[in-house]
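Below are the chains, spelled out letter by letter.
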Amino acid sequence: MRVLAVADSDSYLKWAACLLGDLPAGCESDLVVVRTPIAPSPQQIAAAVGGRPAPPVLSARALRRAAERDRPDVILVACTGPVVDVLVAEVLDGLRPRPVFVTGLPGISVPATEKAWLFRSGCDLFVLHSRREVAEFGEIAARLGGGGAIGLARLPFLRPGRTASGGNRVVFATQAKVPVGREERERVLLALGRLAELRPDLDVVVKVRAFEGERQTHRERLPYQRLWRELGEPGRLAFAAGPMQEHLERAAGFVTVSSTAALEAIAQGVPSLVLADFGVSAEMINLVFEGSGLLGTLDDLAEGDFRTADPRWCAANYFHPAELDDWTGLLAGLAAGRRTPARSLLDGPEHAAARRRARLRLEVPPTMLRYGYRAKRRVRRYLRAIT
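Residues numbered from 1 in each chain as written. Predicted model: local features only at pLDDT ≥ 70, side-chain atom pairs only at ≥ 80, totals over all residues. Heavy atoms only, no water.

What follows covers helix H3 (residues 60-70). Within H3, burial applies to Ala60, Ala62, Leu63, Arg64, Ala66 and Ala67. Phi for arginine 71, located one or two positions after H3, is positive at around 50°. (Buried < 20%, exposed > 50% of the residue type's maximum accessible area, 1.4 Å probe, protein only. Helix = DSSP H or I, 4+ residues; strand = E, 2+ residues; numbered from the N terminus.)

Dropping the structure here:
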């Protein structure tokens, strides 16, 4: 089985590179980046792919030519929603023989959203990473229709490592989307600064996804490093990029608002803290951590009060037994030809009836469909401009 993986941003590139490593023995794989406004920098690419060779960055037209030349059995579309939709429905449409299109989400996807399903409903296999995610997206699929199979895989970068012992680093994993406001972000920085003051034996590191000027999957309006400078750098903090794995190897504690990196810390046995000061909600992307035992406050952070995740929560959320993973079996069946192409809810005149039914039932709000079409148009214009 020959697999071509296509990524459009730093987080999806890391996910794709790791997922390829979980393919069954005997599979051949290639990894490329499609050129978009959020394409990762060379430094981000190196951090995302680990020891793999740096993948080429291709225009949409060059991607199509590569797919026509290599004729992959499977194309893993590891991209943001609108890019998935345009690549599958337009850029890569009509390939012969038709490959299996696989997609997924690179991190925490609770609660499941209709928008995520709509944009990926043209793919044959949707890979998710917990039983809860599979159940929630399965309910959406049953209501809206469209799409293909839903497969379960443990997040590919959750590899058990050393048990935390003797590390001297506290790692704060930043996020572009949350918290949104300047004041909230400054409060996080000041709490980290207090911890560094109280614990001179610790190196307190703000682990950024991108330095200023670099793009990432989501636009960051208020980068932490800039805010720290504007505060006058009132303390001893370090800012660093690079693979999260390398930071966790030296970590005595980990903190975030809701980053998927919290799962990496759990896998590595690093005591952790998920900040709840700004709310626990879908908007904060931290609902999934309810019941984990990790929720705490900025005061807990300043005191270095890190916790261990509840084993029952882990079993239900991302740390299920390996024997429950079924995505590779589903993929093998699809690649062998036992498949009907997935039905997209956004593309093609043959799906107009499905879109009409969705609107009439109000299961897909008209505003969401309009958003989907607008996002597609923006992506389409950009990809055509750079071919």
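Having seen the model, we can carry on.
Hydrogen bonds between backbone atoms are what pair the strands of a sheet, whose relative direction is either parallel or antiparallel. Strand order in this open sheet of 6 strands is S10-S9-S8-S11-S12-S13, and the pairing throughout is parallel. Two strands lie at the open edges of the sheet, namely strand S10 (238-240) and strand S13 (295-296), each paired on one side alone. Two elements, strand S11 (residues 251-256) and strand S12 (residues 272-275), share 3 bridges in a ladder whose sense is parallel. In the strand pairing of S12, phenylalanine 254 is matched with serine 272. On top of the sheet, helix H7 (residues 182-198) reaches strand S8 (169-173), strand S9 (203-207), S10, S11 and S12; it is set at about 160° to S9, its chief contact. (Pairing = 2+ DSSP bridges. Contact = heavy atoms within 4.5 Å. Axes fitted to C-alpha atoms, helices over the stretch in contact; angles between N-to-C directions.)

Read across the sheet, 7 strands follow the order S3-S2-S1-S4-S5-S6-S7 without closing on themselves; strand pairing throughout is parallel. The strands lining the two open edges of the sheet, one partner per strand, are strand S3 (57-58) and strand S7 (149-152). Sheet topology note: the strand S1 (residues 2-7)/strand S4 (residues 74-78) ladder contains 5 bridges and is parallel. Within the sheet, the bridge partner assigned to alanine 5 lies in S4 and is leucine 76. Together, strand S6 (125-128) and S7 form the strand contacts of helix H6 (residues 131-144), whose direction differs from that of S7 by roughly 175°.

Next up on the list: the packing of aromatic side chains. According to the stated counting rule, one finds 4 aromatic pairs in the structure shown. Among the aromatic residues, those joined into a ring-pair cluster are Trp117, Phe126 and Phe137. Taking NZ or CZ as reference, lysine 14 lies 4.7 Å from the ring centre of phenylalanine 157, over its face. (Phe/Tyr/Trp six-rings, centres within 6.5 Å; stacked < 30°, edge-to-face > 60°. Lys NZ or Arg CZ within 6 Å of the ring centre and 35° of its normal.)

One recurring pattern in soluble globular proteins is that nonpolar side chains are buried together. Grouped together as the largest cluster of nonpolar side chains are 70 residues, with contacts concentrated most on Leu76, Trp117, Phe137, Phe254, Leu263 and Tyr318. If you tally residues by element for this core, the top one is helix H1 (residues 10-20), at 7 residues. When residues of this core are assigned to domains, at least three fall in each of domain 1 (2-158 + 321-366) and domain 2 (169-316). Residues contacting phenylalanine 254, with those up to four places away along its chain left out, are Val171, Ala173, Met244, Leu248, Ala261, Ala262, Ala265, Val270, Pro271, Ser272, Leu273 and Phe306. Judged by nonpolar contacts, the second largest core, of 28 residues, contains Ala191, Leu192, Leu275 and Leu301. (Core = buried A, V, L, I, M, F, W, Y, C linked by side-chain atoms within 4.5 Å. Domains from an automatic or database assignment.)

Okay, the pairing of S11 next. Buried residues dominate S11, accounting for 5 of its 6 residues. Pairing of S8 with S11, which is carried by 5 bridges, proceeds in the parallel orientation. Each bridged residue has a counterpart across the sheet, and for arginine 169 the counterpart in S11 is alanine 251.

Moving on to unusual backbone geometry. Going from arginine 96 to proline 97, the amide bond is cis rather than trans, its omega being -5°. Mapping proline 97 onto the fold places it in the loop between helix H4 (81-91) and strand S5 (100-104). Despite not being glycine, isoleucine 285 shows a phi value in the positive range, around 60°. With a relative accessible area of 22%, isoleucine 285 lands in the partly exposed category.

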